[in-house]
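Secondary and tertiary structure notes
Chain residues, written in single-letter form:
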Amino acid sequence: MIIKPKVRGFICTTTHPVGCEQNVREQIEATRARNLDKSAGPKKVLVIGASSGYGLAARITAAFGYGADTLGVFFEKPATESKPGTAGWYNSAAFDKFAKQEGLYSKSINGDAFSHEARQKAIELIKQDMGEIDLVVYSLASPVRKLPDSGELKRSSLKPIGETYRATAIDTNKDAIIEAEVEPATQQEIDDTITVMGGEDWELWMDALDQAGVLAKGARSVAFSYIGTEITWPIYWHGALGKAKEDLDRAAAAIDARLKETSGGANVAVLKSVVTQASAAIPVMPLYIAMVYRIMKEQGVHEGTIDQLNRLFGERLYAPQGGELVTDEAGRVRLDDWELRDDIQQACQDLWPEVTTDNLFEITDYAGYKHEFLKLFGFERDDVDYDADVDTLVEFDVVNL
Ligand SMILES: NC(=O)c1ccc[n+]([C@@H]2O[C@H](COP(=O)([O-])OP(=O)(O)OC[C@H]3O[C@@H](n4cnc5c(N)ncnc54)[C@H](O)[C@@H]3O)[C@@H](O)[C@H]2O)c1
């Protein structure tokens, strides 16, 4: 099949298997170049949400930075005769291939991580192949959760709370500046967003792993959050999603108290805004990212997904000098420190009212944003021949639920 990108709103409905493999290879090379202290890191790792974005970067960091065995859980689609698989499918196939070449254990579960079945399958595989795990990374981003007991479907909302949110944004289909308007979430929508993206499911995973006796002494767990500043607060931190992320903080404290009994611990890690399938769906994020990327690149402090995870592991969770993990007052590990620097945020504030459809590509890094977005699906890489016929039917070591 010869595959070209087909963008519909904030997703690309086609993917390129070779481009996705090259994306994974590039992240592995970036991780190797860091020369992380192998003796300090995790050895057996479960990553929930392992196929793209921050979860994939966590899996790559654990495996190729520290030589860890990994079990990944994700919800992706393989190719059919007429349609390529999802990017996360090809990313995971590539990860699996490279990990096995390196002699590392790699196994994956493709199915709904919110289900009890996924937890049971993970526990079965850990018992069978890994014994105990010493790190659980929780990196799900989902618009919907099927409740594991009742089967009821809950949906999350990307909405403000209290007032209608009006802000300058990009219509990414037309590359045009628009005024976005988002109605506030109802109480039901806020509650449902907490149910989908809050900490309950993370706790269910940690309970199940603990009860099954597969958590090693000193095991750690980390889940990811975003806080941002005034620019994004109305839609994010002060919106429905922010309430869910507050609930993640609550869950982190509860899980931490339990893991501390064996000298382990749990934290929320607050990461910077990067281009992923999840962030592309959040109103205003594409414009904010286009601005903050430009400014952070100019200041020499730009980081992509893999850089953040390499730094999280290498300089925070498994810092070679040991000692106390540095957190903020709420126990969160902060990797958004450079993005939230006053000078960077002030430059974004200054740029915001200036942007128009005409100068969008000139005064922001929107070109960089678009490139990163297409890259997520395996497109726009210099090292891939997009006119060549590719085999889309890629298989690997995965248990499909
Ligand atoms: N992208 C950002 O800018 C940003 C910034 C800070 C924090 N975060 C947080 O990082 C976490 C991961 O987000 P991302 O941006 O990497 O997203 P992503 O869309 O790239 O990845 C989401 C992952 O979740 C998996 N997933 C979704 N629903 C699932 C289900 N039902 N069962 C199993 N797997 C499922 C997907 O397969 C994929 O592996 C989220 O908690 C997000 O809030 C993201």
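Reading the values: the criteria
Residues numbered from 1 in each chain as written. Predicted model: local features only at pLDDT ≥ 70, side-chain atom pairs only at ≥ 80, totals over all residues. Heavy atoms only, no water. Helix = DSSP H or I, 4+ residues; strand = E, 2+ residues; numbered from the N terminus. Rg over C-alpha atoms; globule rule 2.2 N^0.38 Å. Buried < 20%, exposed > 50% of the residue type's maximum accessible area, 1.4 Å probe, protein only. Lys, Arg positive; Asp, Glu negative; His and termini not counted. Charge placed at Lys NZ, Arg CZ, Asp CG, Glu CD. Pairing = 2+ DSSP bridges. Right-handed = clockwise from strand over helix to strand, strands pointing away. Phe/Tyr/Trp six-rings, centres within 6.5 Å; stacked < 30°, edge-to-face > 60°. UniProt positions renumbered as here; feature names shortened; annotations may be inferred.

Looking only at helices and strands, the protein has 13 helices and 14 strands in total. Over its C-alpha atoms the protein spans a radius of gyration of 20 Å, differing by no more than 12% from the 21 Å that the globule rule assigns to 401 residues. Each of the 401 residues in the protein was classed as buried or not, and the buried ones make up 57%. Side chains of the protein give 43 positive and 64 negative charges; the mean places of these two sets differ by 4 Å.

For strand β12 (residues 265-270), a buried count of six out of six residues is recorded, marking the element as mostly surrounded by other parts of the structure. Judged by which residues are buried, β12 turns out to be covered on both faces: G265, N267 and A269 on one side and A266, V268 and V270 on the other are all buried. Two elements, strand β11 (residues 215-225) and β12, share six bridges in a ladder whose sense is parallel. Opposite S221, over in β12, you have A266 as the bridge partner. Running through helix α7 (residues 240-260), the crossover from β11 to the neighbouring parallel element β12 is right-handed.

Scanning all chains against the criterion turns up twelve aromatic pairs. A ring pair is formed by Y366 and Y369, whose centres lie 6.1 Å apart and whose planes are at 10°; its orientation type is stacked. Linking Y366 with Y369, this pair stays in helix α13 (residues 366-376), spanning three residues, or about one helical turn. Judged by its relative accessible area of 0%, Y366 falls in the buried class. Grouping aromatic residues by their ring pairs yields a cluster made of Y66, F313 and Y318.

Quick look at the UniProt feature "domain: Enoyl reductase FAD binding" (unreviewed entry) in the protein now. With numbering matched to this structure, UniProt assigns "domain: Enoyl reductase FAD binding" (unreviewed entry) to residues 327-390. From the first C-alpha to the last, residues 327-390 spans 46 Å; its make-up is 39% helix and 3% strand.

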